[in-house]
Amino acid sequence: MIDLENNLKLKILVKENITRCYIDWMNDYEVTKFTEQRFEKHTKESIERFIAEKYESNTDELHGIFINNRHIGNVLISSIDYNNLSCNLSYLIGDKFLWGQGIGTCVISEALNIIFNKLRLIKVSAGCYENNHGSIKILQKNNFLKEGIRKNQVNFEGKRIDVFIFGLLKGAKI
Ligand SMILES: CC(C)(COP(=O)(O)OP(=O)(O)OC[C@H]1O[C@@H](n2cnc3c(N)ncnc32)[C@H](O)[C@@H]1OP(=O)(O)O)[C@@H](O)C(=O)NCCC(=O)NCCS
């Protein structure tokens with residue numbers, strides 16, 4: 001059992017964090033199939049460009065997920081809007097052998113700490129394919145509410161499927 005409280009850290013991602021493993025997860029259909037990344041071919045150069053773009057952005061923060069200093073996935077806080085104090089959250093644990101051990105739940109909780117306490121935002125949204133049961137579960141475990149459904153929003157393995165929109169307001173009573 002991993003001691004997540006002491007060993008899980010989110011840190012702004014830099015190009016020195018790119019490894020063969022990172023490039024491989026981004027090209028692994030099992031990892032990306034519930035995300036728009038499934039349509040892209042990822043290379044060291046494309047990932048370097050992505051990290052640089054996010055590093056320079058005023059509206060997005062790209063964090064690496066690290067366990068015992070090993071990079072295992074990413075969290076993107078995007079569309080940061082200081083007028084409305086809102087943002088969007090997305091996440092990916094690339095090392096699929098670590099799925100199902102509570103890491104995703106803990107990652108969302110750490111991301112909420114950054115969003116509400118460091119960035120001082122008050123509303124966060126996250127989109128999720130209707131069949132991504134693991135992702136739906138970790139949002140609900142962190143008190144997100146299902147706020148809407150974008151009907152037949154995406155192509156998924158030959159079918160049109162819905163995207164659920166989840167949201168959480170800082171301090172919301174559940
Ligand atoms: C989604 C993701 C972040 C979940 O991370 P994780 O570390 O496996 O999450 P946790 O272990 O904290 O929790 C997963 C929960 O969902 C449940 N779950 C996982 N797959 C499930 C499935 N197919 N059906 C039902 N429940 C499922 C687990 O049993 C667990 O529930 P529990 O805490 O009650 O046991 C991870 O699978 C991932 O990165 N997937 C690839 C990228 C992705 O889908 N990103 C999200 C895009 S919206």
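Refer to the structure presented above.
Residues numbered from 1 in each chain as written. Predicted model: local features only at pLDDT ≥ 70, side-chain atom pairs only at ≥ 80, totals over all residues.

**Looking at the overall build of the chain**
The helix and strand inventory of the chain stands at six helices and seven strands. Going from the N terminus to the C terminus, the chain shows its helices and strands as α-β-α-α-α-β-β-β-α-β-α-β-β. For 174 residues, the compact-globule formula gives about 16 Å, and the C-alpha radius of gyration of the chain, at 16 Å, lands near that figure. Viewed in the frame of its principal axes, the chain has a C-alpha envelope of about 40 × 40 × 35 Å. Taken over 174 residues, the chain has a buried fraction of 24%. (Helix = DSSP H or I, 4+ residues; strand = E, 2+ residues; numbered from the N terminus. Rg over C-alpha atoms; globule rule 2.2 N^0.38 Å. Buried ≥ 20, exposed ≤ 12 C-beta atoms within 10 Å, placed from the backbone.)

**Comments concerning the nonpolar core**
Generally speaking, a soluble globular protein has its nonpolar side chains buried in company with each other. Ranked by size, the top nonpolar core spans 30 residues in total, and within it Val 75, Leu 89, Val 107, Ala 111, Val 124, Ala 126 and Leu 139 carry the most contacts. Those elements that provide at least two residues to this core are helix H2 (20-26), strand S2 (61-67), strand S3 (70-81), strand S4 (86-93), helix H5 (103-118), strand S5 (123-129), helix H6 (133-141) and strand S7 (159-169). Dropping the residues within four chain positions of it, Leu 89 is found in contact with Ile 77, Ala 111, Val 124 and Ala 126. (Core = buried A, V, L, I, M, F, W, Y, C linked by C-beta atoms within 7 Å. Contact = placed C-beta atoms within 7 Å.)

**Overview of H5**
With 16 residues, H5 extends 21 Å from end C-alpha to end C-alpha; this agrees with the ideal 22 Å at 1.5 Å per step. Taken together, the buried positions of H5 are Ile 103, Gly 104, Val 107, Ile 108, Ala 111 and Ile 115. End-on, the buried residues of H5 take up no more than an arc of 135 degrees, which puts them together on one face. Residues of H5 that are exposed and point over 90 degrees away from its buried face: Asn 113 and Asn 117. (Expected span 1.5 Å × (residues − 1). Arc of directions from axis to C-beta.)

**Some thoughts on the packing of H5 against H6**
With their axes 9 Å apart at the nearest point, H5 and H6 run at an angle of 50 degrees to one another. The orientation of H5 with respect to H6, classified from their angle, is oblique. The hand of the H5/H6 crossing is right-handed. For the pair H5 and H6, the contacting residues are Gly 104, Thr 105 and Ile 108 in the first and Gly 134, Ile 138, Leu 139 and Lys 141 in the second. (Axes fitted to C-alpha atoms, helices over the stretch in contact; angles between N-to-C directions. Parallel < 35°, antiparallel > 145°, perpendicular 65-115°, else oblique. Left-handed = near helix turned anticlockwise from the far one by under 90°.)

**A few points about the environment of His 133**
By secondary structure assignment, the location of His 133 is in helix H6. A residue is classified by how many C-beta atoms lie within 10 Å of it, and His 133, with 11 of them, is exposed. Linking His 133 and Leu 76, residues 57 residues apart in sequence, is a C-alpha distance of 20 Å.

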